[in-house]
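Spelled out, the chains give:
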Amino acid sequence: MQPGPSTLPAEASVLAAQPSTLPPYSWTLLRWSFTIGVIPPVVLVAALALKSKFLLIFIHVITGGTWTGFDLFMGVVMSRVMRSLEIPARVEVAKRLTPTTFFMMPSFAATAVTAGIFLAILDGKFDLTSPWIIAALVVVVILTAQGFGIFMPNGVRIFIELAKRKPDTGLIARLNMRNISLAGVQALLQVLIILIMAHLALD
Amino acid sequence: MSVNVAALVAVFLFTALMLAIFGTLYRGAVRSYERGELDFEGIRILRWGMAGQVAIYAVLALTAFFGWP
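What counts and what doesn't
Residues numbered from 1 in each chain as written. Chains lettered and ligands numbered in written order. Predicted model: local features only at pLDDT ≥ 70, side-chain atom pairs only at ≥ 80, totals over all residues. Helix = DSSP H or I, 4+ residues; strand = E, 2+ residues; numbered from the N terminus. Buried ≥ 20, exposed ≤ 12 C-beta atoms within 10 Å, placed from the backbone. Contact = placed C-beta atoms within 7 Å. Rg over C-alpha atoms; globule rule 2.2 N^0.38 Å. pLDDT = per-residue confidence, 0-100. Nonpolar A, V, L, I, M, F, W, Y, C, P; charged D, E, K, R; others polar. Arc of directions from axis to C-beta. Axes fitted to C-alpha atoms, helices over the stretch in contact; angles between N-to-C directions. Parallel < 35°, antiparallel > 145°, perpendicular 65-115°, else oblique. Core = buried A, V, L, I, M, F, W, Y, C linked by C-beta atoms within 7 Å. Left-handed = near helix turned anticlockwise from the far one by under 90°.

**Things to note about the overall build of chain A**
Then, number 1: Assigned secondary structure in chain A consists of eight helices and zero strands.
Then, number 2: Overall, chain A shows an N-to-C arrangement of helices and strands of α-α-α-α-α-α-α-α.
Then, number 3: Across the 203 residues of chain A, 37% fall into the buried class.
Then, number 4: Taking the intrachain contacts of chain A between residues at least 6 apart in sequence as the baseline, contacts between residues at least 24 apart amount to 81%.

Take a look at the structure:
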């Protein structure tokens with residue numbers, strides 16, 4: 001059901017006369033993000049259907065590596081680039097970055113974790129009393145909480161702000177910078193989880 | 001067919017959490033729309049965003065039905 005502004009106050013009517021600021025390329029980028037984002041879970045399903053450990057390792061490593069690499073790039077490179085840009089330029093980056101990563105990053109993260117748990121079970125390493133497995137789960141819980149609690153809500157709030165007739169560009173730039181800075185924190189945690197994974201692989 | 005109940009419950013919990021957060025933001029967006037601050041395109045993109053996330057979790061939920069490993 002479409003909510004209708006049947007009885008808009010005068011000020012709202014003036015706002016309604018203004019065009020939306022949501023750029024047309026938002027939809028194209030969002031569709032692209034979904035197309036790429038749906039591939040990893042499909043490959044994971046295929047790995048399980050085919051009982052292929054090779055495919056399971058492949059999807060775990062490629063999604064985990066892409067997730068880590070993206071966060072390192074955002075935290076180490078993009079955070080510096082964005083800080084050097086003027087606010088309008090940061091908003092332009094946010095307008096394109098948010099829809100492009102909207103489905104991809106949660107999908108890579110969820111697939112990497114799910115495939116990792118299946119791999120640990122397959123190798124007989126999913127022992128909840130093992131300090132290494134507990135450490136890995138603690139890091140995953142922190143990463144997930146940040147994803148659900150900060151990344152995704154910020155992304156949605158950027159979309160909402162972009163679609164407003166008078167968007168708060170300062171808010172868009174702040175939300176985007178918060179996500180990019182947090183990506184740096186995520187990258188550090190992922191370096192930690194890779195150290196744990198390296199230990200588990202040798203174990 | 002054996003079902004990995006723990007995996008299925010985990011996916012449902014994550015989906016429910018995502019929908020709860022998304023739903024809260026969506027309600028705020030609808031209020032902005034009713035005040036005339038937000039274009040309907042904003043509501044539409046949020047709906048598709050939510051549907052897309054649910055679709056990805058639905059594919060992940062399939063992993064619970066293979067009985068392997």
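Resuming the write-up.
**Some remarks on the overall build of chain B**
Then, number 1: Secondary structure assignment for chain B yields two helices and zero strands.
Then, number 2: Rg of the C-alpha trace for chain B: 16 Å, well past the compact-globule value of 11 Å for 69 residues, more than 25% over.
Then, number 3: Across its three principal axes, chain B shows a C-alpha extent of roughly 50 × 15 × 15 Å.
Then, number 4: Counting over 69 residues, chain B shows a buried share of 32%.

**Focus: the confidence of the model for chain B**
Then, number 1: Summarising the model, chain B shows a mean pLDDT of 91, and 99% of its residues fall at 70 or more.
Then, number 2: For this predicted complex, the interface confidence score (ipTM) comes to 0.91, while the overall pTM stands at 0.87.

**Comments concerning the interface of chain A and chain B**
Then, number 1: Listed by partner, the interface residues are 41 residues for chain A and 33 residues for chain B.
Then, number 2: For the side of chain A that touches chain B, the secondary structure elements donating two or more residues are α1 (10-16), α2 (25-37), α3 (39-49), α6 (104-122) and α7 (131-163) of chain A.
Then, number 3: The greatest single-element share of the side of chain A that touches chain B, amounting to eight residues, is contributed by α7 of chain A.
Then, number 4: Here the side of chain A that touches chain B is built from residues that sort into 30 nonpolar, seven polar and four charged.

**Things to note about α3 of chain A**
Then, number 1: All of the buried residues in α3 of chain A are P40, P41, L44, A47 and L48 of chain A. Taken down its axis, α3 of chain A places every buried residue within 115° of arc, on the same side.
Then, number 2: Buried residues belonging to α3 of chain A abut α4 (53-83) and α6 of chain A together with α2 (40-61) of chain B.

**Here's the deal with unusual backbone geometry**
Then, number 1: That bond from W68 of chain B to P69 of chain B is cis: its omega, 10°, falls within 30 degrees of zero.
Then, number 2: Inspection of the secondary structure assignment puts P69 of chain B in the segment after α2.
Then, number 3: With a phi angle near 50°, K51 of chain A is a residue other than glycine that sits in the positive phi range.
Then, number 4: Note on placement: K51 of chain A falls in the loop between α3 and α4.

**Let's talk about the packing of α3 of chain A against α6 of chain A**
All names here are of chain A.
Then, number 1: It is the contact of α3 with α6, at a shortest axis distance of 8 Å, that shows an interaxial angle of 20°. Classified by the interaxial angle, the pair formed by α3 and α6 is roughly parallel. Facing α3, whose interface residues are P40, P41 and L44, α6 presents S107, F108, T111, T114 and A115.
Then, number 2: Broken down by class, the residue content of the contact of α3 with α6 amounts to five nonpolar, three polar and no charged.

**Topic: the environment of A136 of chain A**
Residue and element names in this part refer to chain A.
Then, number 1: Within the secondary structure layout, A136 lies in helix α7.
Then, number 2: Along the backbone, A136 and F159 are 23 residues apart, and their C-alpha atoms lie at a distance of 33 Å.
Then, number 3: Leave out the neighbours within four places in its chain, and A136 touches I193 and I196.

**Examining the environment of T144 of chain A**
Then, number 1: Within the secondary structure layout, T144 of chain A lies in helix α7.
Then, number 2: Separated by 91 residues in sequence, T144 of chain A and K53 of chain A place their C-alpha atoms 25 Å apart.

**Details of the nonpolar core**
Then, number 1: In this structure, A109, A115, F159, A163 and I172 of chain A are the most contacted members of the largest nonpolar core, which totals 58 residues.
Then, number 2: Among residues more than four places away in sequence, those in contact with I172 of chain A are V91, A94, I158, E161, L162 and P167 of chain A.

**Notes on the packing of helix α5 (residues 87-101) of chain A against helix α8 (residues 169-202) of chain A**
Residue and element names in this part refer to chain A.
Then, number 1: Direction vectors running N to C along α5 and α8 enclose 65°, while the axes themselves pass 9 Å from each other. You can see that α5 and α8 cross each other, and the crossing is left-handed. Contacts between α5 and α8 involve I87, P88, R90, V91, A94 and L97 on the former and, on the latter, T169, G170, I172, A173 and N176.
Then, number 2: For the contact of α5 with α8, the residue count by class is seven nonpolar, three polar and one charged.

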